[in-house]
Amino acid sequence: MARLIISADGPDNVAGWRTAFHHVAPDLETCSWYDPDLELRADDYALVWTLSSADLARMKGLRAIICTGAGVNHLLDDPAFPAHVPLVRMGGDQTAALMADYVLWAALGLLRDARTWALQQVAEVWRNNRVSRTCAETRVGIMGMGHLGAYVACHLHHVGFAVSGWRRSARDVPGIRVFAGDEALPDFLRDADILVNLLPSTTQTRGMINYDLLKQLPHGAGLINVGRGNHVVQADLIRALDEGVLGGAVLDVTVPEPLPAGDPLWRHERITVTPHVASEASREAQVRYVVDVIGQMERNERPALLCDPGRGY
Ligand code: NAP
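For every chain, the first residue of its written sequence is number 1, and the numbers climb from 1 along that sequence. In keeping with the predicted nature of the model, local features appear solely for residues at pLDDT of at least 70, side-chain atom pairs appear and are counted solely at 80 or more, and the whole-chain, interface and lining totals rest on all residues. Only hydrogens and water are removed before side-chain values are computed, so all heavy atoms of the structure are retained for them.

1. Quick look at the pairing of strand β3 (residues 44–48)
Along β3, five of the five residues are buried, which leaves the element largely enclosed by surrounding structure. One bridge is not enough; two strands pair if DSSP finds at least two bridges between them. Here a helix means four or more residues in a row that DSSP labels H or I, a strand means two or more in a row labelled E, and each is numbered from the N terminus. Here four bridges tie strand β1 (residues 3–6) to β3, and the two strands are oriented parallel to one another. Bridge pairing in β3 links Ile6 to Leu47. Pairing between β3 and strand β4 (residues 64–67): four bridges, direction parallel. Within the sheet, the bridge partner assigned to Leu47 lies in β4 and is Ile66. Residue exposure (1.4 Å probe, protein chains only): buried if accessible area is under 20% of the type maximum, exposed if over 50%, otherwise partly exposed.

Okay, structure coming up:
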C-alpha cells in the first residue's frame, strides 16, 4: 500500500496536509518527513516544495517525488537531486485556470494602462488616459506552450486577443499559431504587443529576456512575467522601460523573492509587482491532484506532468 511522506511547507504545516489528505483519500497512509523515527520504504511517495541537499539525497530510494510547485528548477538544479526517482510537478485544472485568470488580468491592465490609474489614485489625480484599443486589436505572444501556456493561450483567444505561442517542439495547439525553436523566435517576437513568459527555468532559458530580446518586440510592447524571475535580466528590463522600448511590465516573479525594500522594481512607474501569487491552487485541489498522481503511478500509468531531468523541465 502506497505511503505519502510530507515535507512540503515545513514541519508546522504537515498536520494540515495530513488532515486534508485524510478527507480526500482516507485509505492513503501519510506521515511526516520530520518524524525522527521515520524509516523510508521503496514504495514511498514524497510531497515536497524546497529541500536541503541532504534531504534530497535521502530520497534516492523512493517511488516518486511530487512537488507542490509547477516549477521544479530549484530541485533539478541541486546536484544532490536523485535523477532516477520520478519527479512529478503540480498541475490540475485549478492551477491552469488561476494562471489564465492572472494573465488575463495583467494583459487587460497593460492594454488599458491600469498602472497609470493606480498611480493617479495614490496622487488623487483625475486625468483621462484614454486607450481606445480592444483586445481584438492586441496580439499576445506566449513563450512556453506547455501545460500552463497552452491553457492560457486558449483562454485569451476565447476572450478575443490575437494569440500566438512559442515552444521548443513543433506541436500544435488548436486555434493558436505556434512558432517552434530558436530560429522562429524573431518572427514570434515581431508580432507580440504583449509578451507572456511561461517558460520553465533551465540553462537555455535563464536570462533570455534581455535588452536584445525586448528590442525585437513592437515598440512600446508589454511584458508579463509569470515564469521565473531569473528569465529576465532586470537591469535590461528597466532600461527598456526607461527608453520606451517597453510600455509596461507586470512581474509576478523576481530575483530575489521576496523582493527587498528599496529594489528599483518596486517603485518603477511602468512596473506592477505581485508577490508570486499568479497560480497557487487551493490545498484541496492540490491534494486531489496528488491523490490522482499516486493512483496513476500505482497502476503503472505515466503522469502527464512527469519531469525529464535531462531536459531540465
Ligand atoms: P511545461 O508544461 O513544462 O511547459 C514548458 C513550455 O516551455 C513547453 O511548451 C516547452 O516546449 C517550452 N520550453 C522549454 N524550454 C524551451 C526552450 N529552450 N525554447 C522554447 N520553448 C521552451 O511547464 P508549465 O507547467 O506550463 O509551467 C511553466 C512555468 O510556469 C513553470 O516552470 C514555472 O516556472 C512557472 N509557474 C509560475 C507560477 C506562478 O505562480 N508564477 C505558477 C506555476 C508555474 P515544448 O512544449 O516543446 O516542450
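So that's the structure; there's more coming.
2. Considerations on the nonpolar core
Side chains of nonpolar character tend, in soluble globular proteins, to be buried together. The biggest cluster of nonpolar side chains holds 30 residues, and the ones touching the most others in it are Met143, Leu213, Leu237 and Leu246. Looking at which element gives the most residues to this core, the answer is helix α9 (residues 234–242), with four residues. In contact with Leu246, other than residues within four places in its own chain, are Leu214, Leu217, Gly220, Ala221, Gly222, Leu223, Leu237, Ala240 and Leu241. Buried Ala, Val, Leu, Ile, Met, Phe, Trp, Tyr and Cys residues that are joined via side-chain atoms within 4.5 Å together make up what is termed a nonpolar core. Residues Ile142, Leu148, Phe161 and Val250 belong to the second largest nonpolar core, which totals 29 residues. By definition in these notes, contact holds between two residues if any of their heavy atoms fall within 4.5 Å.

3. Observations regarding the sheet that holds strand β5 (residues 87–88)
The strands making up a sheet associate through hydrogen bonds between their backbones, and the pairing can be parallel or antiparallel. The five strands are arranged β2-β1-β3-β4-β5 in an open sheet whose pairing can be described as parallel. Two strands close off the open sheet at either side, each with one partner strand: β2 (29–32) and β5. Angles here are taken between N-to-C directions and fall from 0 to 180 degrees, while the axes themselves are lines fitted to C-alpha atoms, restricted in helices to the stretch in contact. Here helix α1 (residues 14–24) sits on the sheet in contact with β1, β2 and β3, set at roughly 150° to β1.

4. Section: the environment of Val152
For Val152, the position within the fold is in helix α6 (residues 147–159). Looking at Val152, the relative accessible area reads 0%, which means it is buried. In this structure the C-alpha to C-alpha distance between Val152 and Ala83, which are 69 residues apart in sequence, comes to 30 Å. Filtering out sequence-adjacent residues up to four positions away, Val152 remains in contact with Met99, Ala100, Val103, Ile142 and Leu198.

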